[in-house]
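Spelled out, the chains give:
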Amino acid sequence: MADTMQFDLVSPERKLTSVQASAVQLPGAEGDMTAMPDHAPTITTLRPGVVRVQSPDGDADYVVTGGFAEITATGTSVLAERAAPVSEFTQDLLNEFMTDAVTARDHATPEMLDDLAKRATELASVAADLGLNANA
Amino acid sequence: MPNLKDLKNRIESVKSTRKITKAMQMVAAAKLRRAQEAAEASRPYTERFNAVMAGLAASSGGGNAPKLLAGTGSDQVHLLVVMTSERGLCGGFNSSIAKMARAKAQELQAQGKTVKILTVGKKGREQLKRDYEDVMIDHVDLSEVKRLGYNNALGISTDLIHRFHAGEFDVATMFFNRFESVMSQVPTATQIIPAKFEAADAADDSATIYDYEPSEEGILATLLPSGVATQIFSSLLENGASEQGARMSAMDNATRNAGDMIDKLTIQYNRSRQAVITNELIEIISGAEAL
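Residues numbered from 1 in each chain as written. Chains lettered and ligands numbered in written order. Predicted model: local features only at pLDDT ≥ 70, side-chain atom pairs only at ≥ 80, totals over all residues.

Caption draft 1: Expanded view of the confidence of the model for chain B. For chain B, per-residue confidence averages 87 on the pLDDT scale, and residues scoring 70 or more make up 94% of the total. Across the assembled chains, the prediction reports ipTM 0.82 with pTM 0.86. (pLDDT = per-residue confidence, 0-100.)

Next comes the structure, spelled out in structure tokens:
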């Protein structure tokens, strides 16, 4: 069994990272999950949260606002709508993410409303965990 | 024959025009590089997204597919999303898109369909206004946007999806310039709603069978709006790069033309200066002979 797998984190605006990882923790829509090499092929949507990448070179954390992850035996790709390394996740960026989430919720079509409202709340709680205030 | 002073003024004015076009060319070159980088940075996301969506769409292509994918079942009302630039002086960039959109609109109208137009970018709006002002439903102004972000695309796509759900149109087609190289930009029409996803390697994809969380339909419903936004985003970027490329080559041509014109005017200036001197000499000599 391989020790590592290819891990990519991309957002529409840029490619955030592409490394060999031994495990990746994902905030899946139906609960957190950890993907390791030789995982069964899975596609899952993500809720706002932190993606934690464990690699031989050390760990790295990224905040994502949603999107989806594609897991295969040899690699994991996260396609995030918006993402940033935790170290760069400042109050300004949070405010930006929050504004997006709230705008999306306010403009949502009825069938999407629940989903998007939940997202805004979840984003706020992620921010609280990281010591930032979402209502600033 | 224009007199010397006029010629001199003319030369000066062409020289300053050349300075401006040269500067614009260099600015466009710098912006082009940035736009190209942005377009390239978005490519991994777009490609992977489309591959996954193509797989999903293919496997859930039944009767219960979401409306965004399956369509409304009619194709009576067409919405043309025309993407152009906010500024001019970029050669045939805007005209080629406007021409293509106009041809499509005429074709649809000839078939008895209803056409609606939504413009992104001021220049296309100006060009289409004469013929289609009464069918223009909205305009997206990006002139204040310094750097195109995913947000801009998200705004447009949210608006489109709303209109779609409100039954304002059945099919949306987007017009933009695909960036081939600095010299060539290809006007392209893509259908965005109902969504179509083309995977480059559809054959490989079907080989892997994925588990889906939550469900296939759930994922599809969540991701389809993002899919529309992603397509719009990548076309906005392509269009941005094309615009700078078109402007760069247009300004390069303009600079060269200005140079040629200066050469021609300078020759004319020198000839007429010599003619004036010759004339004066003749006058002096014939005056002396008359004495």
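What follows continues from the structure just given.
Caption draft 2: Quick peek at the interface of chain B and chain A. Across the boundary between the two partners, chain B contributes 27 residues, which contact 25 residues of chain A. Elements supplying a minimum of two residues to the side of chain B that touches chain A: helix 1 (4–59), helix 5 (150–165), strand 6 (211–213) and helix 7 (216–290) of chain B. In terms of residue count, the dominant contributor to the side of chain B that touches chain A is helix 1 of chain B (seven residues). Here the side of chain B that touches chain A is built from residues that sort into 14 nonpolar, 10 polar and three charged. Note: strand 5 (residues 42–46) of chain A against strand 6 of chain B, three bridges, orientation parallel. Bridge pairing links Thr42 of chain A to Asp211 of chain B in strand 6 of chain B. (Contact = placed C-beta atoms within 7 Å. Helix = DSSP H or I, 4+ residues; strand = E, 2+ residues; numbered from the N terminus. Nonpolar A, V, L, I, M, F, W, Y, C, P; charged D, E, K, R; others polar. Pairing = 2+ DSSP bridges.)

Caption draft 3: Structural detail: unusual backbone geometry. In this structure, Pro194 of chain B follows Ile193 of chain B across a cis peptide bond, with omega equal to -10°. Here Pro194 of chain B lies in the loop between strand 5 (185–193) and helix 6 (202–205). In this structure, Asp38 of chain A is a non-glycine residue whose phi angle is positive, near 70°. Secondary-structure assignment places Asp38 of chain A in the loop between strand 4 (31–35) and strand 5. In the Ramachandran plot, Leu89 of chain B falls in the positive-phi region, its phi being about 55° despite a non-glycine side chain.

Caption draft 4: Molecular detail of the pairing of strand 1 (residues 77–83) of chain B. Residue and element names in this part refer to chain B. Of all seven residues in strand 1, six are buried; the element is thus mostly enclosed. Pairing of strand 1 with strand 2 (residues 114–120) involves seven bridges; the strand directions are parallel. Its bridge partner lying in strand 2, Val82 is registered against Thr119. Sheet topology note: the strand 1/strand 4 (residues 171–179) ladder contains five bridges and is parallel. Within strand 4, the position partnered with Leu79 by the bridge is Ala172. (Buried ≥ 20, exposed ≤ 12 C-beta atoms within 10 Å, placed from the backbone.)

Caption draft 5: Representation of the environment of Asn152 of chain B. Residue and element names in this part refer to chain B. The residue Asn152 is located in helix 5 in this model. For Asn152 and Asp6, which are 146 residues apart along the polypeptide, the C-alpha to C-alpha distance reads 50 Å. If sequence neighbours within four positions are ignored, Asn152 has contacts with Leu142, Val145 and Leu236.

Caption draft 6: Spotlight on the packing of helix 5 of chain B against helix 7 of chain B. All names here are of chain B. For the pair helix 5 and helix 7, the least separation of the axes is 8 Å and the interaxial angle reads 130°. As the angle between them shows, helix 5 and helix 7 are arranged oblique. Every pair of crossing elements has a handedness; the one defined by helix 5 and helix 7 is right-handed. Along the contact surface, helix 5 presents Tyr150, Asn152, Ala153, Leu154, Ile156, Ser157, Leu160 and Ile161, while helix 7 presents Pro225, Val228, Ala229, Ile232, Phe233 and Leu236. Here the contact of helix 5 with helix 7 is composed, by residue class, of 12 nonpolar, two polar and no charged. (Axes fitted to C-alpha atoms, helices over the stretch in contact; angles between N-to-C directions. Parallel < 35°, antiparallel > 145°, perpendicular 65-115°, else oblique. Left-handed = near helix turned anticlockwise from the far one by under 90°.)

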